[in-house]
Amino acid sequence: MTTPSGDGPLSGLRIIEQVGAGSTDMGRVAVAFAGLLAQRFGATVLRLANGAPDPTEHWPPLLADGSSALHRFLTAGKGFGTVQPGDYLVTDDPATAAAWRDDRKVLILPTLDDSRPQSDLTVMAASGLLDIVGEVGRAPLALPGYQMGYVAGMVAFNALLASHLSSILGGTPLAGEVAVLEAARWLNWKNLLSEVSGQRAAGVGRAEEWQITRCRDGYIAPVFRDRDMPNLARLMRVPALLEERFATAAGRRRNLADMYRLIEAALAERTAADILVEAAELKLPFAQVQSPAQVAADPQMRHRRFIIEGPQGPMPRLPLLWNGQSVESRQSGRDA
Amino acid sequence: MTLKALKGIRVLDLGIVTAGAATSGVLADLGAEVIKIEGPTYIDPFRDWQGMGEGDWWEQSPPYRATNRNKKSTCLDLKSSRGRELFLQLVAMSDVVVENFRVGVLDKLGIGFETLRQANPHIVLASLSSQGATGPSAGNVSFGSTLEASSGLAHLMHYPGGKPQITGRALNYPDQIVSMFAAGAVMAALVERQRTGQGVHIDLAQRELSSFFVGEAFIAALEGTLPEDYPDGPPAALQALLRGQDGQWVAVTISAAASEGARQVIGAVTSEALGQFLAARPAAEGARALRQAGVAAEVVVAARDYADPYSPAPGNALALDDAGHQVKGQPIRLDGCDAGKAAAVAPLGRDNRYVASTLLGLSDMQYEALLAEGIFATRPRTAAAQ
């Protein structure tokens, strides 16, 4: 999976990741995730050491030997080196970006319009993303892991590619700029749009029709619409689900507590596997809540070889196939 | 107005609802010419969502309008042999096709990747599906909530000891990240094509993408060290969600570097001290005082707290279109510019003549004949589902 074998979509592109005095923890992750995507797509990605230790080496989740799974994920296949003409820069340090020699650069800022200190959690707070998950009366739940840095890094990667395409399609490179808070608000566009179009957005405590439900050996994510109610009643062996009050989405939302009392009681003694088999027969696209280990072992993921061997151990490949092959295997010459 | 980076790139957009249509939307924001193609017997189901107002029902949906700005629109019957033939002529003069139909639909329509490649060896086809185009679950349908469940995301989000949680329909997190990721994959394919001359079929699985966004958790899980309580963000000296005097939640992250400043304001860097400090004053005032000490602190807001019905909130989450509607924005800025005001969504089939005449070289008479035959159309032959 190492970069410079020369057969990835971005082969020949060199990208420099640099953090500096103005970097933040969130920005550090964003820069590294942008570089991760570039590396997986075949670019040569180099990290410029600034003399300071890399704190992500100690960030959770940690592995048995005390090293960081995050650090392994973010840095696999990257190298260290010096800047050459034509390199692109990804940084979250404004001074580093300002000093770069040309417009082949992307700067990731916490926000565009002020200099408030920000973290993943405060970005979620300020974007409305903490008004999505949780229970009334309890502190809201944050998205897991490093989502704000990853999303901003993905946006920065796209800015870099847009700039590069501009240059190779006959134009010039275009300096890119991305703000983590703007990217977070962009994710939340549906709720924003609901508000401005007069349909009050539904935050924590909303009547969510599809709720994670416990079964005998885990949890199920049920999905159903009006036309599915007869099959839902069959799956649950609960004729009461055919009552008029459950016939429409509005009715179901008004009677959510009653409906889920029926569903939970019906699923309590059944296994996830049993439920999913019958749901599939009834064309109900339910899913099981799976842990990462279960996902990795799932027949679909195994068939598509989602877990690949990285330089230091197994890790997820890019979530796509490229003419039927993983991008990483193309670079290393392995079969997909 | 859009950014200009992808000027000269033409995208045929068969995308529907969020994933596919929003992917093309990102490419449009960056300057590509995007032609949305719907059929008279199968229009984008998003047109049937939350529709209000007078006029044709298929033109009223705010989320459809928000997602499909900056595009041209043609209505071409891909189920007919003549429509398919015209589509393949368009493929021959285009760079990218984006689709997120159920796996196998493109082949059934007779426009699978091999057929597209025969029409244009340089074409990039981006297929976005739930589970990918191969494997025992390839035909499965999914929703945002089931993707969160089956990817590992829901497992990692819960109260201590509580049941897994999902963002659900309010956000559908997997549907939001896929459009930006897929647009990046398309751009990577265009970079490669520029170098090799070869097109590519991108087979993107949304479930895999959702898992990839917690990729570090997979590494830990495979070594048996996945923690029960998963972190949210980098470690800090103290991170907490606590209520202000007015009951509003405040998110606070005190980094090691900000600890001394925090200590001067709240007395000690502990949850108890922070809780007492915030409980003694309104949330906004407490957050402001903490920020002045260099601490990351924000009141937990809802979308309604910064959505403005009269103009887009600051930043690029929403943009204004040239009909005065707020639509989806674009967080990328290039060369100091953002994507600016968007071109309002095109009514169904508005650009049929452009496609027929300018691109396909048909005469007005030929176009009118195709319109009469129903190969081109300007209104659906289906009724609203609601």
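What counts and what doesn't
- Residues numbered from 1 in each chain as written.
- Chains lettered and ligands numbered in written order.
- Predicted model: local features only at pLDDT ≥ 70, side-chain atom pairs only at ≥ 80, totals over all residues.
- Heavy atoms only, no water.
- Core = buried A, V, L, I, M, F, W, Y, C linked by side-chain atoms within 4.5 Å.
- Buried < 20%, exposed > 50% of the residue type's maximum accessible area, 1.4 Å probe, protein only.
- Domains from an automatic or database assignment.
- Axes fitted to C-alpha atoms, helices over the stretch in contact; angles between N-to-C directions.
- Helix = DSSP H or I, 4+ residues; strand = E, 2+ residues; numbered from the N terminus.
- Parallel < 35°, antiparallel > 145°, perpendicular 65-115°, else oblique.
- Left-handed = near helix turned anticlockwise from the far one by under 90°.
- Contact = heavy atoms within 4.5 Å.
- Nonpolar A, V, L, I, M, F, W, Y, C, P; charged D, E, K, R; others polar.
- Salt bridge = Lys/Arg side-chain N within 4 Å of Asp/Glu carboxyl O.

1. Some points on the nonpolar core
Then comes step 1: Phe33, Phe41, Met148 and Leu320 of chain A together with Ile202 of chain B are the most contacted members of the largest nonpolar core, which has 126 residues in total.
Then comes step 2: Ranked by size, the runner-up nonpolar core spans 29 residues in total, among them Leu78, Leu90, Ile111 and Leu370 of chain B.

2. Some words on the domain arrangement of chain B
Then comes step 1: Structurally, chain B comprises domain 1 (10-213 + 315-373) and domain 2 (238-304).
Then comes step 2: Of note, the centres of domain 1 of chain B and domain 2 of chain B, computed from C-alpha atoms alone, are 42 Å apart.

3. Things to note about the packing of helix 1 (residues 25-40) of chain A against helix 5 (residues 147-168) of chain A
Residue and element names in this part refer to chain A.
Then comes step 1: Look at helix 1 against helix 5: their axes get within 7 Å of each other, and the N-to-C directions meet at 50°. By the angle between their axes, helix 1 is oblique relative to helix 5. Viewed along their axes, helix 1 and helix 5 form a crossing whose handedness is right-handed. Taken together, the residues of helix 5 that come into contact with helix 1 (itself represented by Met26, Val29, Ala30, Phe33, Ala34, Leu37 and Ala38) are Met148, Gly149, Tyr150, Ala152, Gly153, Met154, Ala156 and Phe157.
Then comes step 2: Taken together, the residues of the contact of helix 1 with helix 5 sort by class into 13 nonpolar, two polar and no charged.

4. Looking at helix 7 (residues 189-196) of chain A
Then comes step 1: Buried residues dominate helix 7 of chain A, accounting for eight of its eight residues.
Then comes step 2: For helix 7 of chain A, every residue scored as buried is listed here: Trp189, Lys190, Asn191, Leu192, Leu193, Ser194, Glu195 and Val196 of chain A.
Then comes step 3: Against helix 6 (180-187) of chain A together with helix 2 (62-67), helix 7 (173-196), helix 13 (303-306), strand 10 (318-320) and strand 11 (326-328) of chain B lie the buried residues of helix 7 of chain A.
Then comes step 4: Once helix 7 of chain A finishes, Gly198 of chain A follows within two positions and takes phi at roughly 80°, a positive value.

5. Remarks on the pattern of salt bridges
Then comes step 1: Within this structure, the stated rule accounts for 39 salt bridges over all chains.
Then comes step 2: Here Arg40 of chain A makes a salt bridge to Glu328 of chain A, at a shortest N to O gap of 2.8 Å. One end of the pair, Arg40 of chain A, is in helix 1; the other, Glu328 of chain A, is in helix 14 (residues 327-332), with 288 residues separating them in the sequence. For the pair Arg40 of chain A and Glu328 of chain A, a shared accessibility class is recorded, and that class is buried.
Then comes step 3: Between Arg353 of chain B and Asp364 of chain B there is a salt bridge, with the nearest N and O atoms lying 3.5 Å from each other. On the criterion of sequence distance, the pair formed by Arg353 of chain B in helix 14 (residues 352-359) and Asp364 of chain B in helix 15 (residues 364-373) is long-range, its members being 11 residues apart.
Then comes step 4: According to the relative accessible area criterion, Asp364 of chain B is exposed, its value standing at 52%.

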